[in-house]
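Survey of secondary and tertiary structure
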Amino acid sequence: MEEKEGPLHVAVLLKEVVAQFEGRHIRSFVDCTLGAGGHASAIIEAHPELHTFIGLDVDPVAHEEARSRLEATSTSTLMQLNLVRTNFRNFQKVLRDVDARLAQEGVDGVLMDLGMSSMQVNIAERGFSFLRDGPADMRMDPSASLRADEILNKWSELEVGRILREYGEERRWRQLARKIVEARLAGGIQTTSQLVGVIGGSKFSSNSSGKQGRMKGLHPATRTFQALRIAVNDELRSLEVALSEAFASLAPKGRLAVISFHSLEDRIVKHFFLKAAGLSKSLDEEGDAHDNNTDFFPALEYVHIPGETRHSKYRRKKGLETGSGGGAYLGDRNVLEGKTGVILTKRPVVATSDEINTNPRSRSAKLRVIEKL
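Under an unreviewed UniProt entry, the name given to the chain is Ribosomal RNA small subunit methyltransferase H, and the organism recorded is Sphagnum jensenii. Of the comments in the UniProt record for the chain, the one headed Sequence similarities (unreviewed entry) reads "Belongs to the methyltransferase superfamily. RsmH family."

**Comments concerning the nonpolar core**
Nonpolar side chains in soluble globular proteins tend to end up buried together. Val30, Val110, Met112, Leu195, Leu243 and Leu256 are the most contacted members of the largest nonpolar core, which totals 67 residues. In terms of residue count, the dominant contributor to this core is helix 13 (residues 263-276) (seven residues). Not counting residues up to four positions away in its chain, the partners in contact with Val110 are Phe21, Phe29, Val30, Cys32, Phe91, Ala246, Leu250, Arg255, Leu256 and Ala257.

**Comments concerning the layout of surface pockets**
Here the second largest pocket is characterised by a volume of approximately 630 Å³. As for the second largest pocket, its lining consists of 39 residues, of which Thr33, Asp57, Val58, Phe88 and Met140 are closest to the centre. Breaking the lining of the second largest pocket down by element, the ones donating at least two residues are helix 2 (38-46), helix 6 (118-121), helix 11 (222-233) and helix 12 (235-248). For the lining of the second largest pocket, the element with the most residues is helix 12, which contributes four residues. Each residue belonging to the lining of the second largest pocket can be placed in one class, and the counts come to 17 nonpolar, 14 polar and eight charged.

**What about the packing of aromatic side chains?**
Using the criterion set out here, one finds five aromatic pairs in the structure. Geometrically, the ring pair formed by Phe247 and Phe272 is edge-to-face, given 6.2 Å between the ring centres and 80° between the ring planes. In this pair, Phe247 is assigned in helix 12 and Phe272 in helix 13, connecting sequence segments 25 residues apart. Pair check on accessibility: Phe247 and Phe272 agree, each one buried. Among the aromatic residues, those joined into a ring-pair cluster are Phe21, Phe29 and Phe53. Residue placement shows Arg165 over the ring face of Trp173; its charged tip is 4.7 Å from the ring centre.

**Concerning helix 8 (residues 157-166)**
Those residues of helix 8 that fall on the buried side of the exposure criterion are Val160, Gly161, Ile163 and Leu164. Viewed along the axis of helix 8, the buried residues span an arc of 165°, placing them on a single side of the element. Lining the buried residues of helix 8 we find helix 7 (148-154), helix 9 (173-182) and helix 11.

**With respect to the pattern of salt bridges**
Considering all chains together, one arrives at 22 salt bridges under this definition. Arg85 serves as the salt-bridge partner of Asp141, at 2.9 Å between the closest nitrogen and oxygen. Note that Asp141 is positioned in the loop between helix 6 and helix 7 and Arg85 in the loop between strand 3 (80-84) and helix 4 (91-98), a separation of 56 residues in sequence. You can call Asp141 partly exposed: its relative accessible area is 21%. A relative accessible area of 43% places Arg85 in the partly exposed class. One salt bridge connects Lys93 with Asp97, and the closest N-O pair in it is separated by 2.9 Å. Taken together, the residues Lys93 and Asp97, both in helix 4 and four residues apart, mark about one turn of the helix.

Conventions we followed
- Residues numbered from 1 in each chain as written.
- Predicted model: local features only at pLDDT ≥ 70, side-chain atom pairs only at ≥ 80, totals over all residues.
- Heavy atoms only, no water.
- UniProt positions renumbered as here; feature names shortened; annotations may be inferred.
- Core = buried A, V, L, I, M, F, W, Y, C linked by side-chain atoms within 4.5 Å.
- Buried < 20%, exposed > 50% of the residue type's maximum accessible area, 1.4 Å probe, protein only.
- Helix = DSSP H or I, 4+ residues; strand = E, 2+ residues; numbered from the N terminus.
- Contact = heavy atoms within 4.5 Å.
- 1 Å grid on protein atoms, 1.4 Å probe; cavity = no way out; pocket = protein on both sides within 12 Å on 5 of 7 lines; lining within 4 Å.
- Points joined across faces, edges and corners; volume = space filled by probe spheres on them.
- Nonpolar A, V, L, I, M, F, W, Y, C, P; charged D, E, K, R; others polar.
- Phe/Tyr/Trp six-rings, centres within 6.5 Å; stacked < 30°, edge-to-face > 60°.
- Lys NZ or Arg CZ within 6 Å of the ring centre and 35° of its normal.
- Arc of directions from axis to C-beta.
- Salt bridge = Lys/Arg side-chain N within 4 Å of Asp/Glu carboxyl O.

Written as C-alpha cells, this is what we have:
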C-alpha cells in the first residue's frame, strides 16, 4: 500500500512516462486511471496534435480534481476531452461509446497508473489509511456495494485468511484471520483504528510528528490494508481484463504503459506483456522463484536438460537472447520483440533517487511498456 502525507498528489515517474511517447504522433490517448490528472496534463501538453483524449476513473473526487486541470492544459480547440466515470475494465465499451471509429482503428497510447492517489489516502472517511481513523470502507467507487467492514465482520475465517494470504502476501494470515473473526465477539471492526488495533499495529513506533514517513520497517497493517483494498475493489481481476482490452484496442505501433506498485500487480503486467507480445509467459525456474528479479528470460526454445552444468545452462540461455528464435533484442538489451508486440522494458523503469527523496511513494513504482506490432 502506498502512503503519502500532504494534500497534493504527485504523479510518479512523470518524465519517464512522457518520454515513452516522445517523438510519436499521438492522435488518441486513454488514461485509464485519471487520478488528479498529473500524467494526463503532461501528455496533453506534450502532444498538441491530440484529437481525442479519454480519461477513466471510478472515483468522483478524481474527476472533480482533473477536469479543470485538463481543460486549462489543453490549448487546442480541436481536442475532444472525454472524462468517463467507470472502471478501466470497461475499456472497450468506453471506446465504442466515445467514438465507434476509434474503437475500430485503435488508439495510439494508453496509460495505467495502478497506485493509490494521495487525495484518496489523505481523506480519513475513505478508509484507505492505517494512519488515520475512519470507517473501514476502502471503496474506490463510493457507489459500490462491498465495503471492507463487510469482509471483516461477515466473511468466514477461511475467506478472510485467503485474501490476506493471496492479496496481501501476509505471512501471519492465519493468526490475523483468527483475530479478525474473534473481534466480532466484541462488536466487530467498524473503523480503521479498530482494525489496526486488532492487527497489533497500534504500538508501532512513530516519529515525533506521528507520521510514518521516516520510519524504518513496514507497518504491521500495511499488508492487511492492501489485501482488503484489493478484495473490495476486485483490483487484480479488473487489471487482467483492462490489460487485455487495452492492448487489443491499440492501433499498430500504439503503446501501452503501466505503472505498478506491488509484486502482485507487476507479476500480472509482466506475464501479460510476454503473452501479448507473442512470447511464452513462462519464466525460467530462477525467475519464478525470485520474482523480484525483473531480468526475466522468456522460455522460447530453451528446454531443461537434467544434469546440465550451470555454465552450460547459462551459455544456452545467453544464446537465446541474441539468437533469431522469435525473441531478438533489436540491439537494445532492454527491448524484446515477439510476433505481435515489442516489450520496451525488459527491465522496468524505476524512480530516480531524487524522485524518491521528494516523493517517497515512488520508491516501489515500476513502469513497463509494450508496443503493438
